[in-house]
Amino acid sequence: MDTTPPIIRRALLAIALLFLAGYVLIDRWDEALYYGDSNSYYLHVVSFWVNQDVGDYDATISSLQAANPGSADPREDEFGIRLTERGRRYIKYTLGVPVMETPFFLLAHAWAKATDAYTADGWSKPYLLAVSLSTIVYLIAGFFLLSRVLQRYFSSRVTAVVLLTLAFATNVFYHATYVTMAHGFLFFNYCLLLWLTERFYDRPGRAKAFGIGLIVGLIALTRVPEVISLLIPLLWGVNSATTLGERWQFFLRRPAYLLLAGLGLGLAFSPQLGYWYYVSGQLYFNPYEGEGFNFLQPMIYKGWFDFSNGWLIYTPVMLFSLIGLFRLRRHAPGKLLPIALLVGLHAYIHYSYYAWTYFPGLGSRPMVETYPLLAFGLGACFAPLLRHRWAAAGLGLGLLFFAWLNLFQTWQMKKGIIWSERGNAAFYLETFGTLQPTWHSMVAFDTKERQPRDTTTLQAAGLLFREGFESADLPHRSTEQVFQGQGALLPPDGDYTLSDQIALDTAQPGDWLRISLRAYMPAADRIWNRDLGIILFAELRNADGRRKKRRLMRPTSYIGNSGYSIWQAGTPDQWGEAAFFLRLPRGFEPDWQLRLYLRNPAGQRVYLDEVRVERYYFTPE
């Protein structure tokens, strides 16, 4: 008999419907498995079940590229599929996600084999549909389990609000609809672990102990550092030295529980050990070679607050969960220690990783699996507010705003308006609430500085520098393509200095420098990846030569880019202007100088002309 309170049943139904609606509207189900981490996990599944080429992957990669020619060959990626000393190839991603995708894959495999309409190769539409739906199914199941746990400590109303907040106002929605990565699966795993842990301490039993071990093993199989999840069943309910001693005595008297849990953990993790041994000849080896941790300098602050995918920048509603931890003892005694310890240790480990921005994602994705734990913090924060009508109304309006922000930014990600893992404060502010990119947002993306909103309030104060490349003695001068005059610059590979010492003795703090040039990219030498294009740097240096400020932009990406897309590398065979404003800081001194130089990392063949630096000052209306 279903004993779920109506308000929670409606909340779960709303979550399921929104996730499915987002799945349809975001419409990435037919491409997500072709790219990135989603693809890397899924290669395990296709290799094992279809091609039986584990340790080689040639047939699997060939079938991928036949199905989607735009997919990159992971064997050509420095951090993709690599060779072990044994001579076998390996995928660095562990097997947890593939194991959890397998039931959905097998349904699709049976579907594809039962009809002539689809190829049973792992890449036709039944597979893409079923496997991309797997995350949503696990998430919905996770929310159901989490509701069961939270109801033990909070009212039905509080529980429903917490569930809706996590589903609509956090990046859980992004992971439900946009990518098929580990974090949605881990959300379910942690919910299952909490539910089973509660049941174990209600009525201890050997089957439950074994099940807890299995779940911890599955969590570790999904992401190895998550093995710290074993702290949850060990410390759940511990809130003092006394209860810690009691827990110690509990397991001393019942060692079979620990043995069975350890057996379950080992059994669940054994496929990974088998895989590592098969490809490398070792039960354990480091599949992330060259991608290390620096435990002496964890980047927790940046991981949470940086505009480059910071957790609380793009999922600000979760600040309530941290605030609520200070009130948690009133609602769930014995839960603060394991939750705070695991979340803190989780953050320490994951933000010691060299790539702390964790692309792709809308906000820092490793925090998603901590949400079942942080749901307790949300509940403790919301509970007193929901008791009072006006406080509840204010909370409701706030949560509606955070839900709108999350859903809207997910849409912006889909449209390419924002790119959270490459963001900065200026770019965030320029794109906040916008329906399309602008020149201001594009320049902010490159320069990390907001541009003047109203140039009519800027007064031109003179030309500080101009280079038209007219002198025949200039190195790397070309006459093949010219915007104005008789010559242009064809920059070499590497760095090229335009000017080391542009005098700024007439400038004042707060003045703007407008730095501009004209660029031309031949179609034959077109570069599609804007990150590989030539870069213009502008550096302010003081009298001692110390750099005080630096800005950069990628000139060719502005050529013909009328839509101001941060993804476009420029339109070939036409001249275009690239320009930005640099503001002189408050500490500016007249003896400072400006240095302009180019960096051409990929040796892009591009013509540059009419480099100019002009000074402007602000004139109040």
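Residues numbered from 1 in each chain as written. Predicted model: local features only at pLDDT ≥ 70, side-chain atom pairs only at ≥ 80, totals over all residues. Heavy atoms only, no water.

1. Quick notes on the packing of helix α8 (residues 182-202) against helix α9 (residues 206-222)
Definition in use: For helices, the axis comes from a line fit to the C-alpha atoms of the stretch in contact; other axes are also lines fit to C-alpha atoms, and the angle between any two N-to-C directions lies between 0 and 180 degrees. A run of DSSP states H or I qualifies as a helix once it reaches four residues; a run of E qualifies as a strand once it reaches two. Both are numbered from the N-terminal end. Here roughly perpendicular refers to angles of 65 to 115 degrees, roughly parallel to angles under 35, roughly antiparallel to angles over 145, and oblique to all remaining angles. Each crossing is labelled by how the near helix is turned from the far one, with a counterclockwise turn of less than a right angle marking it left-handed and a clockwise turn marking it right-handed. When checking whether two residues touch, look at their non-hydrogen atoms; a contact exists if any pair is within 4.5 Å. Each residue is assigned to one of three groups, with Ala, Val, Leu, Ile, Met, Phe, Trp, Tyr, Cys and Pro labelled nonpolar, Asp, Glu, Lys and Arg labelled charged, and all others, Gly among them, labelled polar.
Between α8 and α9, the least distance of the axes is 10 Å, while the angle of their chain directions is 160°. What the angle tells us is that α8 and α9 run roughly antiparallel. Between α8 and α9 the crossing geometry is left-handed. Mapping the contact onto sequence places Ala182, Leu186, Asn189, Tyr190, Leu192, Leu193, Leu196, Thr197, Arg199 and Phe200 in α8 and Lys208, Ala209, Gly211, Ile212, Ile215, Val216, Leu218, Ile219 and Thr222 in α9. For the contact of α8 with α9, the residue count by class is 13 nonpolar, four polar and two charged.

2. Some thoughts on the sheet that holds strand β8 (residues 535-541)
As a general point, the strands of a sheet are linked pairwise by backbone hydrogen bonds and lie either parallel or antiparallel. Convention followed: Between any two strands, pairing holds if DSSP finds at least two bridges.
Read from one edge of the open sheet, four strands run β6-β11-β8-β9, paired in antiparallel fashion. Single-partner strands in this sheet number two, and they are β6 (494-503) and β9 (547-553). The mean inter-strand angle of the sheet, taken between neighbouring strand axes irrespective of direction, is 20°.

3. Details of unusual backbone geometry
Quick reminder of the rule: Accessibility here uses a 1.4 Å probe with only protein chains present; expressed as a share of the type maximum, an area under 20% marks a residue as buried, one over 50% as exposed, and anything in between as partly exposed.
A cis amide bond links phenylalanine 359 to the next residue, proline 360, at an omega of -10°. Although it is not a glycine, aspartate 573 sits at a positive phi angle of roughly 60°. Note that aspartate 573 resides in the loop between β9 and β10 (575-583). Residue glutamate 610 is not a glycine yet carries a positive backbone phi of 50°. Note that glutamate 610 resides in strand β12 (residues 607-618). Overall, the relative accessible area of 6% leaves glutamate 610 in the buried class.

4. Re the environment of alanine 472
Tracing the sequence through the fold places alanine 472 in the loop between β3 (458-467) and β4 (477-478). Expressed as a C-alpha distance, the spacing of alanine 472 and glutamine 486, which sit 14 residues apart in the sequence, is 9.2 Å.

5. Re the packing of aromatic side chains
Let me state the cut-off plainly: The rule is short: rings of Phe, Tyr and Trp, with Trp giving its six-membered ring, pair when the centres are within 6.5 Å, and they are stacked under 30 degrees, edge-to-face over 60, tilted in between.
In the structure shown here, the tally under the stated rule is 57 aromatic pairs. Centre to centre, the rings of tryptophan 236 and phenylalanine 376 are 5.6 Å apart; their planes meet at 75°, and the pair counts as edge-to-face. Of this pair, tryptophan 236 sits in the loop between α10 (231-235) and α11 (241-253) while phenylalanine 376 sits in helix α18 (residues 371-385), and the two are 140 residues apart along the sequence. Of the residues examined, phenylalanine 376 reaches a relative accessible area of 0% and is grouped as buried.

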